[in-house]
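Report on the structure
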Amino acid sequence: VTWGVVLEEDMIEATAAESDLAVSSMIEVSAVTLIVILASILIARSLTKRISLLASSVNGIASGDYDSLVEQAKTGDELGDIARALDRFKTALHDGEVATVDRKRLAEEHQLMTTRLRNSLEALSRGDLDCDLGSDIPPDYQDLRQHFNSTLVELRRIISELSDSATSIQSESSALETSAEQLSNRTENQAATLEETAAAMHEITSSVQSTAEESQTIVS
């Protein structure tokens, strides 16, 4: 004879363990999901904040602020790599702008000196020796200014000496002309005196000769 035992149990009681396990699992899943969501929110907010700070640095560089530090440059993640690359770009951009400003300044100074030198040389070609290069010359062109002005000073000295020599020669020529005229006048006067003396001597000779002839006639 085969015997069997039949047990009857309520379905709720039979599935109570599974229900408890399911509830526990749901609670755990919900808790994990909530934790993940909160962590994601915190991470997203932190990441968003860091990206916002990095974007602020980018905007500052775009507006010409090269003195402020780039945000997130000291972190060791990917955002830190981007921030450090941005910092190098900022330095290169600043150096480029400084070089551009220097080139512009040098071009303006070169144009100024070219104009000044051209005007001075044009004045010099007209005989105007008062054409020194001004004192407001850029520092890079001070040597040129000094040499040019020194040349003008020497040229003025030479021309002054030539003028003095010409004046002296003119004075000496006038004195020589006066002396020659006086000598000529004296020579003419002496010649006239000699002529008068010769005439007087001729008269005396004629008189003496006449007297001698008369004496010979009386003696005879």
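That block above? That's the structure.
What comes next is a walk through the structure. Because the structure is predicted, anything quoted here is derived from the model rather than measured.

1. Here's the deal with the overall build of the protein chain
If you tally the helices and strands in the protein chain, you get four helices and zero strands. From first element to last, N terminus to C terminus, the protein chain shows the α and β order α-α-α-α. Evaluated residue by residue, the protein chain yields a buried proportion of 12% over its 220 residues. Put simply, of all contacts in the protein chain between residues at least 6 apart along the chain, 47% involve residues at least 24 apart. Summing over all exposed atoms, the protein chain offers an accessible surface of approximately 17400 Å²; the carbon and sulfur share of this is 60%.

2. Observations regarding a nonpolar patch on the surface
On the surface, Leu34, Ile37, Leu38 and Ile41 cluster together into a nonpolar patch covering about 350 Å² of accessible area. Topologically, Ile41 is positioned in helix α2 (residues 16-62). On the basis of relative accessible area, Ile41 is assigned to the partly exposed category, the value being 38%.

3. Points about the environment of Leu152
Here Leu152 is to be found in helix α4 (residues 142-219). Each C-alpha atom, one on Leu152 and one on Asp130, is 8.4 Å from the other, the two residues being 22 residues apart in sequence.

4. A look at helix α3 (residues 78-125)
The end-to-end C-alpha distance of α3 is 70 Å, a good match for the 70 Å that 48 residues give at a rise of 1.5 Å each. Those residues of α3 not exposed but buried are Leu79, Gly80, Ala83, Leu86, Lys90, Glu109, Met113, Ser120 and Ala123. Within two residues after α3, Gly127 carries a phi angle of roughly 90 degrees, on the positive side.

5. Concerning the pattern of salt bridges
For side chains bearing opposite charge, pairing can occur when the charged atoms are close. Per the counting criterion, the structure on display carries six salt bridges. For Arg105, the salt bridge is made with Glu109, and the minimal N-O distance between the two is 3.0 Å. Here the residue Arg105 and the residue Glu109 both occupy positions in helix α3, the gap between them amounting to four residues, near one helical turn. Among the ionic pairs, Arg157 bridges to Glu161, the shortest N-O distance being 2.5 Å. Highlighted residues: Arg157 and Glu161, both in helix α4, separated by four residues, approximately one helical turn. On the basis of relative accessible area, Arg157 is assigned to the partly exposed category, the value being 37%. What makes Glu161 partly exposed here is its relative accessible area of 42%. Members of the salt-bridge network, linked through shared partners, are Glu154, Arg157 and Glu161.

Each value, and the rule that gives it
Residues numbered from 1 in each chain as written. Predicted model: local features only at pLDDT ≥ 70, side-chain atom pairs only at ≥ 80, totals over all residues. Heavy atoms only, no water. Helix = DSSP H or I, 4+ residues; strand = E, 2+ residues; numbered from the N terminus. Buried < 20%, exposed > 50% of the residue type's maximum accessible area, 1.4 Å probe, protein only. Contact = heavy atoms within 4.5 Å. Areas by Shrake-Rupley, 256 points an atom, 1.4 Å probe, with all protein chains shown as cover. Patch = residues over 30% accessible without salt bridge, like charges linked within 9 Å, V, L, I, M, F, W, Y side chains within 5 Å. Salt bridge = Lys/Arg side-chain N within 4 Å of Asp/Glu carboxyl O. Expected span 1.5 Å × (residues − 1).

Remember that the coordinates give geometry; whether it matters functionally is a separate question.
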